[in-house]
Amino acid sequence: MRWRQQGAERWPGWAAWALAIGLFMALWLYCADLFPWAADYPKSLRIPAARWITAVTKWLLNDATFGVFTFSEFTRFIAALLDVPYRFVLSLISTGFLRGEGSQAVQILPPLSWVAVIGCGAILGQRAGGRRLAALVVGCLAFVLVFGQWQSAMVTLASILVAVPLGVAGGLLMGILAFRHPWFERAIRPVLDLMQTIPVFAYLVPILILFGFGPTAAVVATLIYAMPPMTRITELALRRVPSELIDLGHMVGCTRRQMMWRVMVPASKDALMVGVNQVIMLSLNMVIIASMIGAGGLGFDVLAALRRLDFGAGLEAGFAIVALAVALDRLSQAFAHLRPEPLAGGGIAARHPYLLSGLALILAAGLAGLAVPALQSWPEAFELSTGTFWSRVVEWINVNFFDTIEAVKNAVLLNLLVPFKRFLGGLPWAGVTAILAFAGWRLGGWRLGALIAGLAFLIAATGQWEKATITVYLCGISTVFAMLIGVPIGILAAERDGVWTPVRVVIDTLQTLPSFVYLMPAVMLFRVGDFTAMIAVVAYAVVPAVRYTVLGLKGVDPRLIEAGRAMGCTRGQILRRIKLRLALPEILLGLNQTVMFALSMLVITALVGTRDLGQEVYIALTKADPGRGLVAGLAVAFIAIITDRLISASARAARARLGLGMT
C-alpha cells in the first residue's frame, strides 16, 4: 500500500491515465503490424481448459472409484437420498400418496386440499405477523388457485420445501467452519465468488451428467445456487456477535460447542433469518432454469409458454411465481423479526395452539373434501384466465405499430449497437488487459491489478475473448440504458414519498418475475437478435438502479441537508451538490448490481439468438458438453468479478473522498 501511495504521488491521476491511454492507443493502432499476438491471441498457445474439464468429467463418470463403489454410484445415491423427502412432500401437497408406478399407479391417500394449504398459510401468517400477513398469504395463494396454477405451484413448492432447509443447513455449517478456521474461509471465498457469478446453465451440464434428469437433479442445482449467500451471511453474523456475550459464555463455563450453538447462533438469529430469506428467493429464481433438467412446476409452464411464444400463459405462470415468492418472502421476514413467546402453563393446547389448529384444519378439510369434491380440488369451471387478453394486447401492438417499432429497432441497431460492437471487437486483448490492470492498480493496489490482469488473460487464453467482447458490449449498452432509466426514477421516488410506494411495488414485482417472462414480449415485438436481448436485459436490470439510488438519497444525513437550506441552497442545488454527491457510493453499488443482473440475464437471452458467452453456455447444455459450458461460464464469472472489484474499489474511494468511512 505504501508503494502504491508513493507511486500515486509520483504520478498524478490525470498524468498517469493520460500515459496509459496513450500507450493503449499506440498499441491499438500498430499492434496488428508490430505485435500480431497482442491483437489476436495465438491459437497454438491457447489453454485447452474445455478439453481438460470434459476429460475429468468423463473420468469421474466412467472410471473414478472409491473401492467399494464408483463416483457415479455415489452421485446417484445422493440423488436417491434427496428423492425420498422430495417424493414425500410432493405426495403430501400435489399428487397424493400412490401405490405403483406410471399408468398403473393407484392413489391410496389424496393430497392436502387447497382449503388445508391456504388455511395453514393463514395460520403461519397469523403466528408470524398478525392478521395483515395472514390476509396477504391467503390472497397470494388464492390468486394461484383461482388462475388455474395450483398444481404447478404445488410442484414448485415441493422443490422449495426440500431445497431450502438443505441449503440453509449446508450454508450454516459452511459458515461456521469459515468462522472457526481462517484457512477454510480463505479457501472457499473464491469458490463462493465463482458459484455466485457462474451462469446456472454452466453447471447444469455436469449436474445433468452426474445426477441424471429429473427433479432431484434440479434440487441439487438449486442447492448449489442458493447456498453461497447463507454461508456468507452466517460467517458475517457470527463475527458481529457482541464480545460481551462471548465473554459471558466463557464465564459460565461453556464448551466450544455450547458457545457456538447456545450463545453465538441464537444471538445471530436475526441475521441468519435474512440468509434464510435469501435462500428462499434464490431457490424461486431457479425454478425455471431447473425445469430444463426435469423440475416441472411453474418453471416448466413458463418455459413451455416461451417456446410457443404464448405471452399470456407465460405471464400468468410468472405472476403465480411472484405470488408464491411474495408469500414466502413476507413469511420468512416476519419469522426473522418474531420474538419467542414465554412458555404458557397448562396442557399441550395452551403451549402449541397454532400447531394444533393447523392439524385440526388439515383433518377437517380432508374429511370435508371427501364429502364435497370442490373443497378438495378447485373446479376448473371456476378458474379465471387473462392469458388470451395479454396475448391479444401484444398482437394489437404488433399489428398497429409494426413500422414504428421496426424504425426504432433499426435506428438503435445501426447507430449504436453495431458500431459499439465493432469498436469493442477491434480492441487488442493485450491492450484491454493492460488498461484494466492499470485501473485496478490505481483504484486498489497491485493485488487488485494483478487479479484483474490474470482473469482477463485467462479469458483470452481459453479462446473466449471474441465472445466475451460481445457479452461486454451487450452488458455495457444495457447497463447504460438501465442506469439512465433507473437513476431518474430513483431520484423522483426518493424526493417524493407518494411516488416511492407504487415504485416499490413495481420493482418488487419485477425482481420476482422469472427472467424468461421478460423474453416473451420482447421476442413477439422485436423478433430475435441483439436488440431484443438488450430490451429484456434492461427491463430485468433496472431494479437495482432504482433501489440503490433511493437507498443512497434517503441515507443522506438530514443535518447536512438542513445546513444547505440554512445557506440558502435551492431544492435543486441541495439535490445536485449535496444529496447526489453523498449518495454516489450507493449509486455505484447500484451500478455494480445492475451489471451483475445484466450478466445473469444475458445467459438467458441466448435463447433469442445472441452470439455471446451465454450462447456458448446454452449450446453446451444442449450438447451435454461440460467443458465448453464451464469454460464459457467461467469467462462470464471473470467479467463479473473484474467489474465487481473495479466498481467496489471506486465506491470505497468515493467514500474516502467524502469522509463517509471505508464500509
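Cut-offs applied
- Residues numbered from 1 in each chain as written.
- Predicted model: local features only at pLDDT ≥ 70, side-chain atom pairs only at ≥ 80, totals over all residues.
- Heavy atoms only, no water.
- Helix = DSSP H or I, 4+ residues; strand = E, 2+ residues; numbered from the N terminus.
- Rg over C-alpha atoms; globule rule 2.2 N^0.38 Å.
- Buried < 20%, exposed > 50% of the residue type's maximum accessible area, 1.4 Å probe, protein only.
- Contact = heavy atoms within 4.5 Å.
- Areas by Shrake-Rupley, 256 points an atom, 1.4 Å probe, with all protein chains shown as cover.
- 1 Å grid on protein atoms, 1.4 Å probe; cavity = no way out; pocket = protein on both sides within 12 Å on 5 of 7 lines; lining within 4 Å.
- Points joined across faces, edges and corners; volume = space filled by probe spheres on them.
- Axes fitted to C-alpha atoms, helices over the stretch in contact; angles between N-to-C directions.
- Parallel < 35°, antiparallel > 145°, perpendicular 65-115°, else oblique.
- Nonpolar A, V, L, I, M, F, W, Y, C, P; charged D, E, K, R; others polar.
- Expected span 1.5 Å × (residues − 1).
- Polar contact = N/O pair within 3.5 Å; in protein donor to acceptor, adjacent residues only side chain to side chain.
- pLDDT = per-residue confidence, 0-100.
- Phe/Tyr/Trp six-rings, centres within 6.5 Å; stacked < 30°, edge-to-face > 60°.
- Salt bridge = Lys/Arg side-chain N within 4 Å of Asp/Glu carboxyl O.
- Disulfide = S-S within 2.5 Å.
- Arc of directions from axis to C-beta.

Overview of the overall build of the chain
On a plain count of helices and strands, the chain comes out with 32 helices and 2 strands. Relative to the compact-globule value of 26 Å for 663 residues, the chain shows a C-alpha radius of gyration of 27 Å, a close match. Referenced to the eigenvectors of the C-alpha coordinate spread, the extents of the chain come out at roughly 85 × 65 × 60 Å. When each of the 663 residues of the chain is scored for burial, the buried share is 48%. Put simply, of all contacts in the chain between residues at least 6 apart along the chain, 79% involve residues at least 24 apart. About 33,000 Å² of surface is accessible on the chain, with carbon and sulfur atoms providing 66% of the total.

Some thoughts on the layout of surface pockets
The space that makes up the second largest pocket amounts to roughly 920 Å³. Forming the walls of the second largest pocket are 29 residues, and the residues nearest its centre are Val 432, Leu 436, Val 472, Ile 642 and Thr 643. Sorting the residues of the lining of the second largest pocket by element identifies helix 2 (13–34), helix 21 (387–425), helix 22 (429–444), helix 23 (446–461), helix 24 (465–495), helix 30 (584–604) and helix 32 (626–658) as the ones contributing at least two each. Top contributing element to the lining of the second largest pocket by residue count: helix 24, with 8 residues.

Structural notes on the packing of helix 5 (residues 71–95) against helix 11 (residues 215–239)
At a closest axis distance of 9 Å, the pairing of helix 5 and helix 11 adopts a crossing angle of 100°. Here helix 5 is positioned roughly perpendicular relative to helix 11, judged by the angle of their axes. Here Ala 79, Leu 82, Asp 83, Tyr 86 and Arg 87 of helix 5 lie close against helix 11, whose contacting residues are Pro 215, Thr 216, Val 219 and Val 220. Residues belonging to the contact of helix 5 with helix 11 are distributed by class as follows: 6 nonpolar, 1 polar and 2 charged.

Regarding helix 17 (residues 311–336)
For helix 17, built from 26 residues, the straight-helix expectation of 38 Å at 1.5 Å per residue is met to within 8% by its first-to-last C-alpha distance of 36 Å. Among the 26 residues of helix 17, 20 are classified as buried, and the element is accordingly described as predominantly covered.

Some remarks on the side chain of Thr 605
Take Thr 605: it is sitting in the loop between helix 30 and helix 31 (613–623). A polar contact of 2.7 Å, which involves the side chain of Thr 605, links it to the backbone oxygen of Leu 602.

A few points about the confidence of the model for the chain
With 91% of its residues at a pLDDT of 70 or more, the chain shows a mean pLDDT of 83. Overall, residues 1–11 carries pLDDT values under 50, and its contacts beyond four positions in sequence, including any with other chains, amount to 13 contacts.

Considerations on the packing of aromatic side chains
Counted by the stated rule, this structure contains 18 aromatic pairs. Centroid distance Phe 71 to Phe 74: 6.4 Å. Interplanar angle 45°. Geometry classified as tilted. Here Phe 71 and its partner Phe 74 are both found in helix 5, 3 residues apart, which amounts to about one turn of the helix. Its relative accessible area of 18% is what places Phe 71 among the buried residues.

A short note on the pattern of salt bridges
Once their charged atoms are close, side chains differing in charge can pair, the charge on each being opposite to the other. By the definition in use, this model includes 11 salt bridges. A salt bridge links Arg 87 to Asp 83; its shortest N-O distance comes to 3.3 Å. Pair noted here: Arg 87 and Asp 83 are both in helix 5, with a separation of 4 residues, about one helical turn. The exposure class assigned to Arg 87 is partly exposed, which follows from its relative accessible area of 41%. A salt bridge links Lys 421 to Asp 530; the shortest N-O distance between them is 3.6 Å. Separated by 109 residues along the polypeptide, Lys 421 in helix 21 and Asp 530 in helix 27 (residues 530–554) bring together distant segments of the chain. When salt bridges that share partners are traced, they join Glu 495, Arg 571 and Lys 579 into one network.

Regarding the state of the cysteines
The final tally for this structure, using the stated rule, is 0 disulfides. Just so you know, Cys 120 is unpaired, no disulfide at all, and the nearest cysteine sulfur is the one on Cys 140, 16 Å from it.

Re helix 19 (residues 353–371)
Taking 1.5 Å per residue, 19 residues should reach 27 Å; helix 19 reaches 27 Å between its end C-alpha atoms and fits that length. Every buried residue of helix 19 is accounted for by Gly 358, Ala 365 and Gly 369. Projected down its long axis, helix 19 shows its buried positions confined to an angular sector of 35°, all on one face. Away from its buried face, by an angle of more than 90 degrees, helix 19 presents the exposed residues Leu 359, Leu 363, Leu 367, Leu 370 and Ala 371. If you follow the buried residues of helix 19, they end up packed against helix 6 (114–129) and helix 20 (373–376).

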